[in-house]
Amino acid sequence: SQRSLFYDKGGEEHYNLISAFQKSIRGSSPQAALYWLARMLEAGEDPMYITRRLVRIATEDIGLADPMAINQAIAVKEAVHFLGMPEANTALSQLTIYLATAPKSNSSEIAYFAAQKDATETSHLRVPLHICNAPTKLMKDLGYQKGYKYSHDYEDSYSYQKCFPDEMDEKDYYKPSSYGFEKEIKKRLDWWNGLKENQLKKDDNNNQ
């Protein structure tokens, strides 16, 4: 009864505390995040509810800036399920500290929402035939998979081919941040884009 005076799991304070918890992690403040974690756990909050939020934080607020964040979150999910409370408090504390001190990026979320917008507006566009599956002879005769370039048959395991619908321009949804592992991802994207540009130049020269 004493706990219910300060924390109603179905009321406004329930949502205020989980909000403060996530915003503390997003703000790279492990000390504050631990405080809000303890407030929730000591008030009797369901540890799996907190764990689900931490898994979401690992992808929403950290993403590819630290690809290990999601692995850590899923591992702690298993630990919480296996241990139960109160023993799981240290696993949740460990994950909270890891996520709060990790580099932050919401580039994956931004990329998805941008792709989602285009997907809903262009859902009538067909998949280009050259990247369609062709399990039957009839499909092959109709042009399915015709002209498809199997990347591994080419130098650097790459050969440019348009993978967006024919009627749609290519888009750059994902733009890596300059933090954490996304610096390495940017190098990789720059390298692939360089191969693409070189191939397009060669194709233009051959067509002239």
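This structure is a prediction, so every number in the text was calculated from the model and none was measured.

**Some details on the pattern of salt bridges**
Phase 1 of the analysis: Counted by the stated rule, this structure contains 11 salt bridges.
Phase 2 of the analysis: Between Asp61 and Arg26 there is a salt bridge, with the nearest N and O atoms lying 2.7 Å from each other. Highlighted residues: Asp61 in helix α4 (residues 47–62) and Arg26 in helix α2 (residues 12–26), separated in sequence by 35 residues.
Phase 3 of the analysis: For Arg26, a relative accessible area of 37% gives the class partly exposed.
Phase 4 of the analysis: Close ionic contact of Lys171 with Asp118 constitutes a salt bridge, the shortest N to O distance being 2.8 Å. Residue Lys171 is found in the loop between α8 (137–141) and α9 (182–207), and its partner Asp118 is found in helix α7 (residues 107–121); the two are separated by 53 residues along the sequence.

**Let's talk about the side chain of Gln161**
Phase 1 of the analysis: Mapped onto the elements of the fold, Gln161 is located in the loop between α8 and α9.
Phase 2 of the analysis: The residues contacting Gln161, other than those within four sequence positions of it, are His130, Gly147, Tyr148 and Lys149.

**Some words on the packing of aromatic side chains**
Aromatic rings in a pair are described by how distant their centres are and how their planes are angled relative to each other.
Phase 1 of the analysis: Following the criterion strictly, the structure yields 5 aromatic pairs and no others.
Phase 2 of the analysis: Connected via pairs of aromatic rings, a cluster forms that spans Tyr158, Trp191 and Trp192.

**Observations concerning the packing of α4 against helix α5 (residues 68–83)**
Phase 1 of the analysis: Packing of α4 against α5 brings their axes to within 9 Å, and their N-to-C directions diverge by 175°. In terms of orientation, α4 and α5 fall into the roughly antiparallel class. Seen from α4, the contacting residues are Pro47, Met48, Thr51, Leu54, Val55, Ala58, Thr59 and Ile62; seen from α5, they are Ala69, Ile70, Ala73, Ile74, Lys77, Val80 and His81.
Phase 2 of the analysis: A class-by-class count of the residues in the contact of α4 with α5 yields 11 nonpolar, 3 polar and 1 charged.

Definitions and limits used
Residues numbered from 1 in each chain as written. Predicted model: local features only at pLDDT ≥ 70, side-chain atom pairs only at ≥ 80, totals over all residues. Heavy atoms only, no water. Salt bridge = Lys/Arg side-chain N within 4 Å of Asp/Glu carboxyl O. Helix = DSSP H or I, 4+ residues; strand = E, 2+ residues; numbered from the N terminus. Buried < 20%, exposed > 50% of the residue type's maximum accessible area, 1.4 Å probe, protein only. Contact = heavy atoms within 4.5 Å. Phe/Tyr/Trp six-rings, centres within 6.5 Å; stacked < 30°, edge-to-face > 60°. Axes fitted to C-alpha atoms, helices over the stretch in contact; angles between N-to-C directions. Parallel < 35°, antiparallel > 145°, perpendicular 65-115°, else oblique. Nonpolar A, V, L, I, M, F, W, Y, C, P; charged D, E, K, R; others polar.

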